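This is what each chain is made of:
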Amino acid sequence: MAWSLADRAVRRSAAAARRPAAGRRCCARVEAVYATHRATVLVTEKLGDAGLDRLRLTCNVETAYGLTQEELCAKVSLVDALIVRSGTKVTRAVFEASHGRLKVVGRAGVGVDNVDLAAATEAGCLVVNAPTANTVAAAEHGIALLCAMARNIPQADASMKAGSWDRSAYVGTSLAGKTIAVYGFGKVGSEVSRRARGLGLTVVAYDPYASAEKAAAQGVQLVTFDEALQVADFHTLHMPLTPGTKGLFNDSAFARMKRGARIINVARGGVIDEAALLRALESKQVAQAALDVFLEEPPSFENHPLVHRPDVICTPHLGASTTEAQEGVALEVVEAVVDALAGNLSVNAVNAPMVPAEILRELQPYIVLAEGLGRAAVGLVSNSTSSSSSASSSSSSSSSSSSSGGAHSQGGKGGFGDIAITYSSPRGDDLDTRLLRAMVIKGVLEETTTSKVNLVNADLLARNRGLRITEVSIRAGGDGTSEVLTSMSVALGTADSKFSAAVDRTNRIYVEGRVTGGAPFLTKIGNFDVELAVQGSVMLTRQRDQPGIVGGVGMLLSRDNVNISFMTVSRTAKDGEAIMAIGIDSEPSPATLEEITRVKGVIEVTIFKEVAPPQR
Ligand SMILES: NC(=O)c1ccc[n+]([C@@H]2O[C@H](COP(=O)([O-])OP(=O)(O)OC[C@H]3O[C@@H](n4cnc5c(N)ncnc54)[C@H](O)[C@@H]3O)[C@@H](O)[C@H]2O)c1
Ligand SMILES: O=C(O)[C@H](O)COP(=O)(O)O
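Conventions and cut-offs
- Residues numbered from 1 in each chain as written.
- Chains lettered and ligands numbered in written order.
- Predicted model: local features only at pLDDT ≥ 70, side-chain atom pairs only at ≥ 80, totals over all residues.
- Heavy atoms only, no water.
- Helix = DSSP H or I, 4+ residues; strand = E, 2+ residues; numbered from the N terminus.
- Expected span 1.5 Å × (residues − 1).
- Buried < 20%, exposed > 50% of the residue type's maximum accessible area, 1.4 Å probe, protein only.
- Contact = heavy atoms within 4.5 Å.
- Salt bridge = Lys/Arg side-chain N within 4 Å of Asp/Glu carboxyl O.
- Domains from an automatic or database assignment.
- Buried area = accessible area lost by both parts, 1.4 Å probe.
- Polar contact = N/O pair within 3.5 Å; in protein donor to acceptor, adjacent residues only side chain to side chain.
- Nonpolar A, V, L, I, M, F, W, Y, C, P; charged D, E, K, R; others polar.
- Near = heavy atom within 4 Å.
- Areas by Shrake-Rupley, 256 points an atom, 1.4 Å probe, with all protein chains shown as cover.
- Phe/Tyr/Trp six-rings, centres within 6.5 Å; stacked < 30°, edge-to-face > 60°.

Peer 1: Can you tell me about helix α9 (residues 187–198), naming the residues and giving the values?
Peer 2: For α9, which comprises 12 residues, the first-to-last C-alpha distance of 18 Å matches the rise-based estimate of 16 Å (1.5 Å per residue) to within 8%. What α9 keeps buried is the set G189, S190, E191, V192, S193 and A196. Along its buried surface, α9 packs onto α7 (135–150), β6 (179–183), β7 (202–206) and β9 (234–237). Phi turns positive one or two residues past the end of α9, at G200, with a value near 90 degrees.

Here you go:
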């Protein structure tokens, strides 16, 4: 049965947390039964010795590097677990070829882009990773590239090896007294910032989802995307590759940088539009680039336009490649794999179900609602790639938000540090909120970070990001047994929103929802009542409550071939303001969005993408 192993792991770890000491001894006996079967683990990429030694204590270990897909598929039905780095593609074909024997895939590193998570889940295979042990190595590599690029070290070294002693060709640029912009103030970004300050650089960071307090504690100021582009001499990228960050560094971003800026990428290749970088280097708008990651890895060496340029220095995805980091990730992933093979859920489980299947069935709509509210709230945070526009003629805004004007929102400074969750339930204080809270955290974090949230690690991950979670349970009417929640709300403290109507009177991004007829709905955004199924993409407009707007907006969407699945309008008071929610099957073009802001009466518009979590 799908999920059998993972389900067992969740049940056991939840049970272990509740069990008194005597009970835990009983659990140890159960695990001993598991241990009588010595699992076989296939390691397909070089793993630190400490990890391999630890693995050999309890498992049969086979190492086989550089396997083709066919070779991997041939071996996988003979193993219980597989350990990989980013070089092994664990595709659906691999899971199918395992015929159900493969129980765990361990990724010795952060990114799981090379593992087909949906196929793993369908095959009942747990995926675990090692999210923390290579952070410092990646940060050090970023700093190494910064210094090497500024002082032309690789070029000078190559020239000496070719027999020349050319001192004038490699005059560098100083770091001290300059400004560096860190994009993505997460685990790696904050370590880079710490080190950059030590080098005498002023550090600013752009991260709409980071805690401003956490940044300030490190002497780093959070700024808008535009400010970061404009003030910095060096730009260093540390955000995950998401639909929101894909191609973020494009022609427009490079054009807004200081002439002669320098850029470093140790995050993921797709964050930079490589063709745009080439144009920026050719025009000398960007003086130099240092790249550890590429759109395609390995890149095609024959004709890759960036790799051969003297103003670009490259490393083959070496961010995590230090002896210490590899020992660290090896131990981190092996602990998680061994734990998973013993039936336990580790904090590093990537695709673990948040709850066992039978409980999931009962709570399904409520947990979809909780995750959906988290995703909705974070989806309303202003970021540089927000599809949102404000009408320049806008005069009446009831909100105090700092939503940016113009067709291309530049994003706010970000910096939310508080998540306030309110549950209205017939169970009042007796409502066990752990699962719902974890689902909200999942909704907030998984869209924007490399973190994979499970029931065991949710609170820890939130704490590590500097998020304060407050919960209030209000007793609502009902018999206290059947209905779990009457309604629930999530508020993000002090975040800038891309849609000013989403900000409530206390300056928080506010969303509220409830389950009706077994389906989760968003019922309030900011101070406006809405009725939105928690699924699909929605275009939101705020407008004056006057005739002609529905027709005008609908006509522009139809001209752009955007199919409308539903439309609702809600207003605060007659002749006041209203919010219109339009279900859309595809996204309108930026030009259409811009035109919509010019429809008489429209104040602002935004796209609210895929609120619903993917199907589990
Ligand atoms: N080159 C390597 O070998 C190597 C090693 C480790 C990590 N990485 C990569 O480095 C990146 C950072 O890893 P991490 O562990 O610090 O992740 P993290 O999740 O701890 O931090 C990512 C940060 O990016 C921020 N972010 C998300 N969307 C953003 C946006 N649109 N604009 C600005 N900031 C945004 C998030 O809020 C978060 O603070 C990831 O892409 C990861 O895959 C590469
Ligand atoms: O995702 C990661 O952890 C890094 O990109 C490192 O990948 P690697 O383990 O293949 O070096």
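Peer 1: Give me the pattern of salt bridges: which residues, what numbers.
Peer 2: For side chains bearing opposite charge, pairing can occur when the charged atoms are close. Counted under the stated rule, the structure contains 28 salt bridges. The residue R92 makes a salt bridge to E122 at a minimum N-O spacing of 3.0 Å. Placement of the pair is R92 in helix α5 (residues 92–97) and E122 in helix α6 (residues 117–122), with a sequence separation of 30 residues. Connected via shared salt-bridge partners are E191, R194 and R195.

Peer 1: Could you give an account of the domain arrangement of the protein chain, with specific residues and numbers?
Peer 2: Taken domain by domain, the protein chain comprises domain 1 (5–133 + 324–354), domain 2 (135–314) and domain 3 (358–608). One C-alpha centre belongs to domain 1, the other to domain 2; they are set 35 Å apart. Tallying the contact residues gives 7 residues for domain 1 and 4 residues for domain 2. Both faces combined, the contact of domain 1 with domain 2 buries some 370 Å², and carbon together with sulfur accounts for 40% of it. The interface formed by domain 1 and domain 2 holds 1 salt bridge in total. For R268, the salt bridge is made with D113, and the minimal N-O distance between the two is 3.2 Å. In this structure, the connection of domain 1 to domain 2 is made through 2 residue pairs in polar contact (both at pLDDT 80 or more). Of the residues that constitute the side of domain 1 that touches domain 2, the class distribution is 3 nonpolar, 2 polar and 2 charged.

Peer 1: Any chance you could break down the site of ligand 2 for me, citing the residues and the numbers?
Peer 2: Neighbouring residues of ligand 2: R85, S86, R107, A108, G109, V110, G111, N134, R268, H317 and A320. Between ligand 2 and R85 there is a distance of 2.7 Å, counted from an oxygen atom to a side-chain nitrogen or oxygen. A distance of 2.7 Å separates an oxygen atom of ligand 2 from a polar side-chain atom of R268. When ligand 2 is considered free in solution it has 310 Å² of accessible area, and contact with the protein chains removes 92% of it. In the shell around ligand 2, the residues fall into 3 nonpolar, 5 polar and 3 charged.

Peer 1: If you had to explain the packing of aromatic side chains to someone new, which residues and values would you point to?
Peer 2: Given two aromatic rings, their pairing is described by the distance between the two centres and the angle made by the two planes. The final tally for this structure, using the stated rule, is 4 aromatic pairs. Each ring, one from Y183 and one from F225, has its centre 5.9 Å from the other, and the planes form 75 degrees; the classification is edge-to-face. Of this pair, Y183 sits in strand β6 while F225 sits in helix α11 (residues 225–231); the two residues are 42 residues apart in sequence, bridging distant segments of the chain. Like F225, Y183 is buried. Their ring planes at 70 degrees and their centres at 5.8 Å tell us that F225 and F249 sit as a pair that is edge-to-face. Within this pair, whereas F225 is found in helix α11, its partner F249 is found in the loop between β9 and α12 (251–256), the two being separated by 24 residues in sequence. According to the relative accessible area criterion, F225 is buried, its value standing at 2%. Taking the relative accessible area as the measure of exposure, F249 reaches 0% and is therefore buried. Within the aromatic cluster, the residues linked to one another by ring pairs are Y183, Y206, F225 and F249.

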